[in-house]
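For reference, the chains in residue letters:
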Amino acid sequence: MDVNLNDWLGDHTAMLWLLVGFMLLTLEVLRRDLVLMLLSLGAAVAMVVALVAPRAWYVQLPVGVLAAVASVLLLRPVLLRAEERAAARAAQAAASPDPADEGSAAPGPQA
């Protein structure tokens, strides 16, 4: 049986986009700067296009690239600001002790 990988990939472009998105998400765990996660969003959009039009790679590719670039340019600043606010709140909460916790501490030994 002669199997051509190009034929298989041509028939299963949605699977190819799914693998690309999964690889980008896996690499995002290492980098943690939100870029690769947002690029995987572009791969997910291209996968949806591939499910609708499986052989139209010439449509899938530009739609995926446009979705990835748009998400990096539009969503990343919003997500970074939200992350900075959450970090600032966590740092503030760690720096200022809760007044309710002061009275609940176990008393020290009496002299």
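Nothing here was measured: the structure is a model prediction, and the numbers come from that model.

Draft legend 1. Geometry of the overall build of the chain. Looking only at helices and strands, the chain has 5 helices and 0 strands in total. Counting every position in the chain, which comprises 111 residues, the buried fraction comes to 20%. Contacts in the chain between residues far apart in sequence, at least 24 positions, make up 58% of those at least 6 positions apart.

Draft legend 2. Representation of helix 3 (residues 35–52) within the structure. For helix 3, built from 18 residues, the straight-helix expectation of 26 Å at 1.5 Å per residue is met to within 8% by its first-to-last C-alpha distance of 26 Å. Those residues of helix 3 that sit buried are Leu36, Leu38, Ser40, Gly42, Ala43, Ala46, Val49 and Ala50. Against helix 2 (13–31) and helix 4 (57–95) lie the buried residues of helix 3.

Draft legend 3. Quick look at the environment of His12. Relative to the elements of secondary structure, His12 occurs in the loop between helix 1 (5–11) and helix 2. Using a relative accessible area of 34% as the deciding quantity, one classes His12 as partly exposed.

Draft legend 4. Spatial organisation of the side chain of Ser71. Looking at where Ser71 falls in the secondary structure, it is placed in helix 4. If we ignore the near neighbours within four places in the chain, the residues touching Ser71 are Leu38, Leu41 and Arg76.

Draft legend 5. Structural view of the packing of aromatic side chains. In this structure the tally under the stated criterion is 1 aromatic pair. Residues Trp57 and Tyr58 carry aromatic rings whose centres are separated by 6.0 Å and whose planes lie at 75 degrees to one another, so their mutual orientation is edge-to-face. Summarising the burial analysis for this pair, Trp57 and Tyr58 share the class exposed.

Draft legend 6. Spatial organisation of the nonpolar core. Within the largest apolar cluster, 5 residues are counted, these being Ala14, Trp17, Ala43, Ala46 and Ala50. Secondary-structure elements contributing two or more residues to this core are helix 2 and helix 3. Element by element, the count of residues in this core is highest for helix 3, at 3 residues. With near-sequence residues (within four places) excluded, Ala46 lies in contact with Trp17, Gln60 and Gly64.

Draft legend 7. Representation of unusual backbone geometry. Although it is not a glycine, Arg32 sits at a positive phi angle of roughly 60 degrees. As for its placement among the helices and strands, Arg32 is situated in the loop between helix 2 and helix 3. In this structure, Leu34 is a non-glycine residue whose phi angle is positive, near 75 degrees. Relative to the helices and strands, Leu34 is located in the loop between helix 2 and helix 3. Here Leu34 falls in the buried class, since its relative accessible area comes to 15%.

Rules and cut-offs
Residues numbered from 1 in each chain as written. Predicted model: local features only at pLDDT ≥ 70, side-chain atom pairs only at ≥ 80, totals over all residues. Heavy atoms only, no water. Helix = DSSP H or I, 4+ residues; strand = E, 2+ residues; numbered from the N terminus. Buried < 20%, exposed > 50% of the residue type's maximum accessible area, 1.4 Å probe, protein only. Contact = heavy atoms within 4.5 Å. Expected span 1.5 Å × (residues − 1). Phe/Tyr/Trp six-rings, centres within 6.5 Å; stacked < 30°, edge-to-face > 60°. Core = buried A, V, L, I, M, F, W, Y, C linked by side-chain atoms within 4.5 Å.

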